Amino acid sequence: QVQLVESGGGLVQAGGSLRLSCAASGRTSSRFVMGWFRQAPGKERELVAAIGWSDGYTSYADSVKGRFTISRDNDKDTAFLQMNSLKPEDTAVYYCAARTGTISTKSGAFGSWGQGTQVTVSS
């Protein structure tokens, strides 16, 4: 199992930026896919972005393409989500997740989860 801890959430005005970080510990010697998901009140958890282990392959939700960038530093076992041009509809709890194997966009495919960090975008 991998333990994940998110940081970097907060309150920002529309049009602003935030950078989320996800620090992994535990069985980090295993190669794993990292993903960022979000869940707004009354809505289902949805994929924001995911990144593969070594080839840098990424996948993004259509709603964040061109605004958000996922990246990772394997030497530091940390993943990042740079969020620019934030909109009120981006308001949600953002979760970091990890899985072994190939990249996936399904939350059920991820076995390790962080506790979540709140992102609130005011209009």
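This text follows the structure it describes.
Before going into details, it helps to say that this report is about the structure given with it. Small disclaimer: the values here were computed from a predicted structure and weren't measured.

Here the structure, examined in full by the defined rule, presents five aromatic pairs. Between the aromatic rings of phenylalanine 37 and phenylalanine 110, the centroid separation amounts to 5.1 Å while the plane-to-plane angle is 75°, which identifies the pairing as edge-to-face. Residue phenylalanine 37 is found in strand 4 (residues 32-39), and its partner phenylalanine 110 is found in the loop between strand 9 (92-100) and strand 10 (112-113); the two are separated by 73 residues along the sequence. The same class applies to phenylalanine 37 as to phenylalanine 110, namely buried. Consider the rings of phenylalanine 37 and tryptophan 113, whose centres lie 5.0 Å apart with planes at 55°: the pair is tilted. Here phenylalanine 37 is found in strand 4, whereas its partner tryptophan 113 is found in strand 10, with 76 residues between them in sequence. According to the relative accessible area criterion, phenylalanine 37 is buried, its value standing at 1%. Counting every residue linked through ring pairs, the aromatic cluster contains Phe37, Tyr95, Phe110 and Trp113. Here the basic side chain of arginine 45 rests over the ring of tyrosine 95, its NZ or CZ set 3.8 Å away from the ring centre. Residue placement shows arginine 45 over the ring face of tryptophan 113; its charged tip is 4.7 Å from the ring centre.

The next point concerns unusual backbone geometry. If you check the backbone angles, aspartate 77 has positive phi at about 50° while not being a glycine. Positionally, aspartate 77 belongs in the loop between strand 7 (68-73) and strand 8 (78-83). At serine 85, a position not held by glycine, the phi torsion is positive, near 50°. Relative to the helices and strands, serine 85 is located in the loop between strand 8 and strand 9.

This next bit is on the state of the cysteines. Linking two cysteines covalently through their sulfur atoms gives a disulfide. All chains considered together, the criterion is met by one disulfide. Across a sulfur-sulfur distance of 2.0 Å, cysteine 22 and cysteine 96 are joined as a disulfide pair. Taking the torsion about the sulfur-sulfur bond, which here is approximately -80°, the covalent link between cysteine 22 and cysteine 96 counts as left-handed. Residue cysteine 22 is found in strand 3 (residues 18-26), and its partner cysteine 96 is found in strand 9; the two are separated by 74 residues along the sequence. Looking at cysteine 96, the relative accessible area reads 0%, which means it is buried.

Each value, and the rule that gives it
Residues numbered from 1 in each chain as written. Predicted model: local features only at pLDDT ≥ 70, side-chain atom pairs only at ≥ 80, totals over all residues. Heavy atoms only, no water. Phe/Tyr/Trp six-rings, centres within 6.5 Å; stacked < 30°, edge-to-face > 60°. Helix = DSSP H or I, 4+ residues; strand = E, 2+ residues; numbered from the N terminus. Buried < 20%, exposed > 50% of the residue type's maximum accessible area, 1.4 Å probe, protein only. Lys NZ or Arg CZ within 6 Å of the ring centre and 35° of its normal. Disulfide = S-S within 2.5 Å.

Scope: geometric values only; no functional claims are made or implied.
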